[in-house]
Amino acid sequence: QVQVVESGGGLVQAGGSLRLSCVASGSIFSFNTMGWYRQAPGKQRELVATTTSGGTTNYADSVKGRFNVSRDNAKNTVFLQMNSLKPEDTAVYYCAAFQPLGGRWFWGQGTQVTVSS
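Notes on the structure follow. (Residues numbered from 1 in each chain as written. Predicted model: local features only at pLDDT ≥ 70, side-chain atom pairs only at ≥ 80, totals over all residues. Heavy atoms only, no water.)

Examining the pattern of salt bridges
Within the structure shown, the criterion is met by four salt bridges. R38 is the partner of E46 in a salt bridge, and the nearest nitrogen-oxygen pair spans 2.7 Å. Owing to a relative accessible area of 36%, E46 belongs among the partly exposed residues under this scheme. As a salt-bridge pair, D89 and R66 come within 2.8 Å of each other at their nearest N and O atoms. Of this pair, D89 sits in the loop between β8 (77-82) and β9 (91-99) while R66 sits in the loop between β6 (57-59) and β7 (67-72); the two residues are 23 residues apart in sequence, bridging distant segments of the chain. (Salt bridge = Lys/Arg side-chain N within 4 Å of Asp/Glu carboxyl O. Buried < 20%, exposed > 50% of the residue type's maximum accessible area, 1.4 Å probe, protein only. Helix = DSSP H or I, 4+ residues; strand = E, 2+ residues; numbered from the N terminus.)

Let's talk about the sheet that holds β7
On the basis of which strands lie adjacent, the open sheet formed by four strands has the order β1-β3-β8-β7 and antiparallel pairing. The strands lining the two open edges of the sheet, one partner per strand, are β1 (3-7) and β7. Adjacent strand axes in the sheet meet at a mean angle of 15° when their direction is disregarded. By the bridge criterion, six bridges tie β7 to β8 in an arrangement that is antiparallel. By the bridge assignment, S70 is partnered in β8 with F79. (Pairing = 2+ DSSP bridges. Axes fitted to C-alpha atoms, helices over the stretch in contact; angles between N-to-C directions.)

A closer look at a nonpolar patch on the surface
A cluster of nonpolar residues, I28, F29 and L101, forms a patch on the protein surface that exposes about 360 Å² of accessible area. Take I28: it is sitting in the loop between β3 (18-25) and β4 (33-39). (Patch = residues over 30% accessible without salt bridge, like charges linked within 9 Å, V, L, I, M, F, W, Y side chains within 5 Å. Areas by Shrake-Rupley, 256 points an atom, 1.4 Å probe, with all protein chains shown as cover.)

Observations concerning the packing of aromatic side chains
Summed over all chains, the structure comprises five aromatic pairs. With 6.3 Å between their ring centres and 85° between their planes, F31 and F106 make a pair best called edge-to-face. Of this pair, F31 sits in the loop between β3 and β4 while F106 sits in strand β10 (residues 104-107); the two residues are 75 residues apart in sequence, bridging distant segments of the chain. In terms of burial, F31 and F106 fall into one category: buried. When the ring of W105 is compared with that of W107, the centres are 6.3 Å apart and the planes differ by 35°; the resulting orientation is tilted. By relative accessible area, which is 32% here, W105 ends up partly exposed. What links up through ring pairs into an aromatic cluster is the set Y37, F98, W105 and W107. (Phe/Tyr/Trp six-rings, centres within 6.5 Å; stacked < 30°, edge-to-face > 60°.)

Considerations on the nonpolar core
As a rule of thumb, nonpolar side chains are buried together in soluble globular proteins. Ranked by size, the top nonpolar core spans 28 residues in total, and within it W36, V48, F67, L80, M82 and Y93 carry the most contacts. Looking at this core, the elements with two or more residues in it are β3, β4, β5 (46-52), β7, β8, β9 and β11 (111-116). Dropping the residues within four chain positions of it, V48 is found in contact with W36, Y37, R38, N58, Y59, A60, V63, F67, L80 and Y93. (Core = buried A, V, L, I, M, F, W, Y, C linked by side-chain atoms within 4.5 Å. Contact = heavy atoms within 4.5 Å.)

A short note on the side chain of D89
Classification of D89 by relative accessible area gives buried; the value is 0%. At a separation of 3.0 Å, a polar atom in the side chain of D89 contacts the side chain of R38. The residues contacting D89, other than those within four sequence positions of it, are R38, R66, F67, S84, V113 and V115. (Polar contact = N/O pair within 3.5 Å; in protein donor to acceptor, adjacent residues only side chain to side chain.)

Some details on the state of the cysteines
In a disulfide, the sulfur atoms of two cysteines are covalently bonded to one another. According to the stated counting rule, one finds one disulfide in the structure shown. Put simply, C22 and C95 are joined by a disulfide, and their sulfur atoms are 2.0 Å apart. Its S-S torsion of approximately -80° makes the covalent link between C22 and C95 left-handed. A residue pair is termed long-range when its members are at least 10 positions apart, and C22 in strand β3 and C95 in strand β9 qualify at 73 residues. A single burial state applies to C22 and to C95, both of which are buried. (Disulfide = S-S within 2.5 Å.)

Structure representation (structure tokens):
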């Protein structure tokens, strides 16, 4: 059974940094795309950043230049380095992993990131 587990959320002041980590486990098959989405109160879940096993990345315009997504393919682990955080970055951040076999996304439970002004 596939499990996706995030860690690293917390409370930080505006301008600060946080690093999120996520591990996908429980499958002998690889995950093509891994990445991060977020959902703020009263808003829809939105893309933050993703990366493929080949290293292709995709970022939301709102985080370009501030966030960096990276991964360790051998460990099915993805990271999100968040710098210059803003109060509007406050949200629950979800890790997601896509497995081509079956064409399914697997989601973590989410980790809270709160940026105070």
